[in-house]
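Residues per chain, in single letters:
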Amino acid sequence: MISFAPDTGVWLLSTPRTSYALRVDETGAPCHLAWGPRLTLEEAEELIVPPAPAASSFEGRPAAGEELPVDGGTRYGPPSLQVRFADGTRAFEWQPLGHRVHEPVPGQTELALEFRDRHYPLLTTLHYRVHDDSDVIERWTVLRNTGDESVHLLRADSAAWTLPPRDDYRLSHVTGQWASETQLHRHRPAFGETVLTSRRGVTSHHANPWVMLDAGAATEDHGQVWSAALAWSGSWRVTVHRGPDGRAGFTGGAGHDGTALPLAPGEDFTTPTYAGLYADGGFGATSRAWHAYTLAHVLPHPGEVRPVLYNSWEATGFEVDESGQKALAARAAALGVELYVVDDGWFGARRSERAGLGDWTVSPEGFPDGLGPLVREVHRLGMRFGLWVEPEMVNPDSDLYRRHPDWVLHIPHRTRTELRHQLVLNFARRDVADWAYGWLTRLVAEHAIDFLKWDMNRALSEAGWPDRAEGADRLWTAYVHHLYEVIDRLRADHPALRIESCSGGGGRVDLGILSRTDQAWPSDNTDAADRVSIQHGYSQIYPARTMAAWVTDVPNQHTGRSVPLRFRFHVAMAGVLGVGGDLTRWSDGELAEGAALVDQYKTVRHLVQHGTLHRLRTPAEDGPTAVQYTAADRSEALLLIWQRTPRHGAPRLPVRLAGLDPAARYRDASTGAVHHATVLTAYGLLPDLPPGDWASTAVHLVRVPAPSSLVSRGAAD
Ligand code: DGJ
């Protein structure tokens, strides 16, 4: 709901549990008033503070407090909007033009605040969207050049978010690298500015475009947390600032430092959405609200149950051929797999990382009769068929590169740096994007492909576009827009097609790519021990419904560690279960144990994929890590507990559950033991874990129907 007080100019955005208030101030600039617990319009008006005279000639407008700080006047904080007009003038001065409120669809309300520069022909519109069923507020900005000369956007953030004053602040975010993504960090932000960014042209393994801020004392279950996540899959920058005035906030958007986006006469630029959330209930409630929002408003097919998949990559590497794949497919089907995915190595001369990328015709060596016989066999076995592709890349040793050496990102007189022996195709070019769409849509149609694993295995470098004026400035955003467009066109052509986002593991996981794909591959590191921490970081914002997780062989290919099959399954069961081991080497015992665990997953996956997550014990704590997924109606819950390498003497503590129906009792589906919810939540369940390393368990609790006498007594009370 959005309301307005004309006398004071206050706008109040109301979500089910929170409020966001702003107003256009006396100078015409859009200013922040409140973001936090619910307020009435009258209460929000009380927060208007008359402008105080500057304490000294060295002070300016406070860095925190504007809805989109510009680099004009006496603003010395990090600008969200920085423009350079044709005559070289760089500052922007706000002149309000008006506003629009409308309901694009039932349950959503949008506010657009329109401004122009006082002198120059640039329109700036701030957009806000609220939902009836979520506390997440979506914001974005549209910039339009209404003049007849180019304007350069040196920085065009989607939004700036301001926190209320607090004695202290703490920043939560993730860092990482390939095979070690989403490592969670919590620390006090520096006074001054903390920049989180990707300059790689892709979301990146190294940071992810979300932040959470709290006043320093929030826990998993308690405390106020302000967070935001950017829906963008290219380079990005988020600047958290903390001033001597005790205020903190952050601004974020597409693009990294040093790039400028030209806006031609008549052209507009719509920033990606930057969604923000205030939650009272700690990091757990914050994550649950993001998960619910992602399911309700981001994913294209949120309601469906993701199938158990098999992926051949770790089993075969580049040794992909029809008979080998058929042998794996037969075993996968017997294990209970529902979607069989052939990974890299099925096309062109792709027998290693060195050649063939870009030549998307089936390898005659591996598949003399084409992919048809394998696809038919997979379908006959009752599984869907999936295929790996990497449309944005080319090996220099490929027919495509020999034909189109100008299609790659490059800068004259500069080395074309190869990473993994590949170069990046310039997806910003219309002909390249159309070429990719063309072969992809033909491939999907011709082979009845149900699922694509869309990979992207290197960062951009020498990001130039020499035959296009200002090409190097445009390509950072145009690349991502064309990537999105190709995926959108494919989905429109093939409504049953499902897509996994992968970028050498978790290099491209964000709300932008998730709005047009069905799941993501969080990491190439499939070691279940490491995966516990990777999944913990992933779960801070992104739901388990999107988190692909495979069981692979030991010793693990990345870490050399061996952990039991049961532990590997239990860790992977916390997401969308997959299997990625060489099934032709699994013993009968392993295949039988695997089949039983796949079966068990199928009985509880509705809880994992559509329930609510409680992180009961985190990987940072002494002792086992535990997560719980609970049905929306609290009729069932799944508890997964993983004990990595316990410290000798660590106390054996019960795990306290959460979110159960307090009046109910729950039966353990495998032991039959019945527990009172109050006991489970207040005193906890002592997990039945053998001592030692790599013990794990999955406990499925089902609510015991209340005896009818109790129901009628309850109703009468
Ligand atoms: C990187 C992916 O993350 C892996 O799973 C695999 O698909 C390889 N690329 C194939 O080249």
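**Q** Kindly report on unusual backbone geometry, identifying the contributing residues and their values.
**A** As a rule of thumb, non-glycine residues mostly have phi less than zero, and peptide bonds are mostly trans rather than cis. Looking along the chain, the bond that leaves Val-554 and enters Pro-555 is cis, with omega of -5°. Locating Pro-555 in the fold gives a position in the loop between strand E30 (548–551) and helix H11 (565–572). Of note, Glu-470 is a non-glycine position whose phi angle comes to about 60°, a positive value. The exposure class of Glu-470 is partly exposed, given its relative accessible area of 33%.

**Q** Quick rundown of the packing of H11 against helix H12 (residues 588–610)? Include the residues and the values.
**A** Axis angle and axis distance: for two packed helices, these are the angle between their axes and the distance between the axes, and together they describe the pair. Between H11 and H12, the shortest axis-to-axis distance is 10 Å and the interhelical angle comes to 25°. On the basis of the axis angle, H11 is roughly parallel to H12. Judged by the sense of rotation from one axis to the other, the crossing of H11 with H12 is right-handed. Two secondary-structure elements touch here, H11 through Leu-565, Arg-566, Phe-569 and His-570 and H12 through Glu-590, Glu-593, Gly-594, Leu-597, Val-598 and Gln-600. Residues belonging to the contact of H11 with H12 are distributed by class as follows: four nonpolar, three polar and three charged.

**Q** I'd love a proper account of the layout of surface pockets, names of residues and values included.
**A** Roughly 560 Å³ of volume is contained in the second largest pocket. Forming the walls of the second largest pocket are 23 residues, and the residues nearest its centre are Arg-615, Leu-616, Arg-617, Thr-618 and Glu-621. The set of elements that each furnish at least two residues to the lining of the second largest pocket consists of strand E13 (183–187), helix H10 (528–538) and strand E32 (612–617). If you tally residues by element for the lining of the second largest pocket, the top one is E32, at four residues. A breakdown of the residues in the lining of the second largest pocket according to their chemical character gives ten nonpolar, seven polar and six charged.

**Q** Could you give an account of the side chain of Arg-568, naming the residues involved and the relevant values?
**A** Mapped onto the secondary structure, Arg-568 falls in helix H11. With residues up to four places along the chain from it excluded, the contact list for Arg-568 reads Ala-528, Val-551, Thr-552, Asp-553, Val-554 and Val-563.

**Q** Talk me through the site of the ligand; I want residue IDs and the actual numbers.
**A** In the vicinity of the ligand there are 13 residues, among which Asp-343, Asp-344, Lys-453, Asp-455 and Asp-524 approach most closely. Note that an oxygen atom of the ligand is positioned 2.9 Å from one of the side-chain N or O atoms of Arg-420. Separating an oxygen atom of the ligand from a backbone N or O atom of Gly-505 is a distance of 3.0 Å. Bound to the protein, the ligand loses 98% of the 300 Å² it would expose on its own. Its residues assigned to classes, the shell around the ligand comprises four nonpolar, three polar and six charged.

**Q** Give a detailed account of the pattern of salt bridges, specifying residues and quantitative values.
**A** Inspection of the entire model under this criterion finds 45 salt bridges. Across the pair Glu-322 and Lys-326 runs a salt bridge whose closest N-O atoms are separated by 2.9 Å. Taken as a pair, Glu-322 and Lys-326 lie in helix H4 (residues 322–335) at a separation of four residues, close to a single helical turn. When its relative accessible area of 27% is taken as the criterion, Lys-326 is described as partly exposed. As a salt-bridge pair, Asp-582 and Arg-585 come within 3.0 Å of each other at their nearest N and O atoms. Overlapping salt bridges, with partners in common, bring together Asp-25, Arg-61, Glu-66 and Arg-75 in one network.

**Q** Describe the sheet that holds strand E22 (residues 309–311), and please don't skip the residues or the numbers.
**A** The strand order E29-E28-E27-E24-E23-E22-E31-E30 describes an open sheet built from eight strands, whose pairing is parallel. Looking at strand neighbours, the two that pair on one side only are strand E29 (519–520) and E30, the edges of this open sheet. Pairing between strand E24 (residues 384–389) and strand E27 (residues 451–454): four bridges, direction parallel. Looking at the pairing, Val-389 lines up with Trp-454 of E27. Against the sheet, helix H8 (residues 471–493) makes contact with E27 and strand E28 (498–501), and its axis sits at roughly 170° relative to E27, the strand it touches most.

**Q** Any chance you could break down helix H5 (residues 372–380) for me, citing the residues and the numbers?
**A** Turning to H5, its buried residues are Gly-372, Pro-373, Leu-374, Val-375, Glu-377 and Val-378. Packing partners of the buried residues in H5 comprise H4, strand E23 (339–342) and E24. The positive-phi residue at the C-terminal boundary of H5 is Gly-382, with phi of around 90°.

**Q** Quick one: what's the story with the nonpolar core, residue by residue and with numbers?
**A** Within the largest apolar cluster, 177 residues are counted, with the highest numbers of intra-cluster contacts made by Leu-13, Phe-250, Trp-346 and Tyr-629. Looking at which element gives the most residues to this core, the answer is H8, with ten residues. Formed by 18 residues, the second largest nonpolar core is a distinct cluster that contains Leu-639, Val-655, Tyr-666 and Ala-695.

Parameters at a glance
Residues numbered from 1 in each chain as written. Predicted model: local features only at pLDDT ≥ 70, side-chain atom pairs only at ≥ 80, totals over all residues. Heavy atoms only, no water. Helix = DSSP H or I, 4+ residues; strand = E, 2+ residues; numbered from the N terminus. Buried < 20%, exposed > 50% of the residue type's maximum accessible area, 1.4 Å probe, protein only. Axes fitted to C-alpha atoms, helices over the stretch in contact; angles between N-to-C directions. Parallel < 35°, antiparallel > 145°, perpendicular 65-115°, else oblique. Left-handed = near helix turned anticlockwise from the far one by under 90°. Contact = heavy atoms within 4.5 Å. Nonpolar A, V, L, I, M, F, W, Y, C, P; charged D, E, K, R; others polar. 1 Å grid on protein atoms, 1.4 Å probe; cavity = no way out; pocket = protein on both sides within 12 Å on 5 of 7 lines; lining within 4 Å. Points joined across faces, edges and corners; volume = space filled by probe spheres on them. Near = heavy atom within 4 Å. Polar contact = N/O pair within 3.5 Å; in protein donor to acceptor, adjacent residues only side chain to side chain. Areas by Shrake-Rupley, 256 points an atom, 1.4 Å probe, with all protein chains shown as cover. Salt bridge = Lys/Arg side-chain N within 4 Å of Asp/Glu carboxyl O. Pairing = 2+ DSSP bridges. Core = buried A, V, L, I, M, F, W, Y, C linked by side-chain atoms within 4.5 Å.

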